[in-house]
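# Observations on the three-dimensional arrangement
The residues making up each chain are set out below.
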Amino acid sequence: MVQKTGNNKIILIQGSLNPNSKTAVILDEVVIILKEKNITYEVIDLRKLKLEFCNGRDLKDYNEDLQNAYKLMESANGYIIGMPVYCYSVSGVLKNFLDITCSAMENKVTGIVCNAGGVMSYLASADLMKILSYEVHALTVQPTVYAYGNDFKDGQIANEKVLHKARTMVERLMDIVKHN
Ligand SMILES: Cc1cc2nc3c(=O)[nH]c(=O)nc-3n(C[C@H](O)[C@H](O)[C@H](O)COP(=O)(O)O)c2cc1C
């Protein structure tokens, strides 16, 4: 394993289409942490992309937004995926996006930010871990950052533990990215 310096790039994937997304609020906090640590990053916010449904066609037959997202993901060393929990699992929109693009993540490293309405949906993030592990052999670091309704107040994170976990997740992710 080679220690790389400097040029590692992390892609954040914001997987909610809600204009008032709480997943996006947490990812904004993750961006602050990445900036503090001088880590190069780019954000793919699914609200800003023209999305299409996956039907198994070649990547070149999807629109420019999806092809550009794929290229950006291919250029990265690691990912932080913000997943809203829908029906105790990964939301359909995010799953569909990953169906089209996840081969860009082959053998790389990911961190998960999982946002739900209730406290009981923590294990929904295990579905995303499983998808990444089986489909593209991508390793997921722990801790998974989990937040739910009560962790927010006035549109901001009100629970310090969520921010602490986000910081630890970024540190673990970068430890592996640097040696991968
Ligand atoms: C279709 C749908 C299904 C949902 N299913 C769950 C669920 O199974 N468990 C849960 O805790 N919250 C569930 N929620 C609540 C969302 O996880 C919650 O609204 C969260 O804030 C979504 O993330 P976002 O704000 O970034 O869109 C569901 C919401 C929707 C719209």
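Further remarks concern the packing of helix 2 (residues 64–74) against helix 3 (residues 92–101). Between helix 2 and helix 3, whose axes approach to 10 Å, the crossing angle comes to 70°. Here helix 2 lies roughly perpendicular to helix 3, going by the angle between them. For the pair helix 2 and helix 3, the contacting residues are Leu66, Ala69, Tyr70 and Met73 in the first and Phe97, Ile100 and Thr101 in the second.

Turning our eyes to something else, we now look at the packing of helix 1 (residues 22–36) against helix 5 (residues 160–179). Interhelical geometry of helix 1 versus helix 5 gives an angle of 50° and a closest axis separation of 10 Å. Considered as vectors, helix 1 and helix 5 are oriented oblique to each other. Taken as a pair, helix 1 and helix 5 cross one another with a handedness that is right-handed. In contact with Ile26, Glu29, Val30, Ile33, Leu34 and Glu36 of helix 1, helix 5 contributes Val162, Leu163, Ala166, Arg167 and Val170. For the contact of helix 1 with helix 5, the class distribution of residues is eight nonpolar, no polar and three charged.

So, about the site of the ligand. As a structural note, the neighbourhood of the ligand is formed by 15 residues, with Ser16, Ser21, Thr23, Val85 and Tyr88 the closest of them. Every element with two or more residues in the shell around the ligand is listed here: helix 1, strand 3 (78–86) and strand 5 (109–116). If one sorts the elements of the shell around the ligand by residue count, strand 3 sits on top with three residues. Counted by class, the shell around the ligand contains six nonpolar, eight polar and one charged residues.

Of all eight residues in strand 5, eight are buried, a share of seventy percent or more. Where burial is concerned, the two faces of strand 5 agree: the one with Val109, Gly111, Val113 and Asn115 and the one with Thr110, Ile112, Cys114 and Ala116 are both buried. Here strand 3 pairs with strand 5 via seven bridges, running parallel. Across the sheet, the residue bridging to Met83 is Cys114, located in strand 5. Here strand 5 runs beside strand 6 (residues 139–140); their pairing, made up of two bridges, is parallel. Residue pairing across strands places Thr110 opposite Thr140, the latter belonging to strand 6. Summarising the sheet, strand 5 and strand 7 (residues 145–148) pair through four bridges and their orientation is parallel. Bridge assignment links Cys114 to a residue of strand 7, and that residue is Tyr146.

Now for the side chain of Asn115. Turning to its location among the elements, Asn115 is positioned in strand 5. Note on Asn115: relative accessible area 9%, which makes it buried. Discounting chain neighbours no more than four positions away, the residues touching Asn115 are Lys22, Thr23, Ile26, Met83, Pro84, Val85, Ala147, Tyr148 and Phe152.

This part covers the pattern of salt bridges. Once their charged atoms are close, side chains differing in charge can pair, the charge on each being opposite to the other. Under the defined criterion, the tally for this structure stands at eight salt bridges. One salt bridge in this structure joins Glu52 and Arg57, with 3.3 Å as the shortest N-O distance. Relative accessible area serves as the criterion here: at 24%, Glu52 is assigned to the partly exposed category. Take Arg57: its relative accessible area is 28%, and that puts it in the partly exposed class. Its salt-bridge partner being Asp58, residue Lys60 comes within 3.8 Å of it at the nearest N-O pair.

Procedures and definitions
- Residues numbered from 1 in each chain as written.
- Predicted model: local features only at pLDDT ≥ 70, side-chain atom pairs only at ≥ 80, totals over all residues.
- Heavy atoms only, no water.
- Axes fitted to C-alpha atoms, helices over the stretch in contact; angles between N-to-C directions.
- Helix = DSSP H or I, 4+ residues; strand = E, 2+ residues; numbered from the N terminus.
- Parallel < 35°, antiparallel > 145°, perpendicular 65-115°, else oblique.
- Contact = heavy atoms within 4.5 Å.
- Left-handed = near helix turned anticlockwise from the far one by under 90°.
- Nonpolar A, V, L, I, M, F, W, Y, C, P; charged D, E, K, R; others polar.
- Near = heavy atom within 4 Å.
- Buried < 20%, exposed > 50% of the residue type's maximum accessible area, 1.4 Å probe, protein only.
- Pairing = 2+ DSSP bridges.
- Salt bridge = Lys/Arg side-chain N within 4 Å of Asp/Glu carboxyl O.

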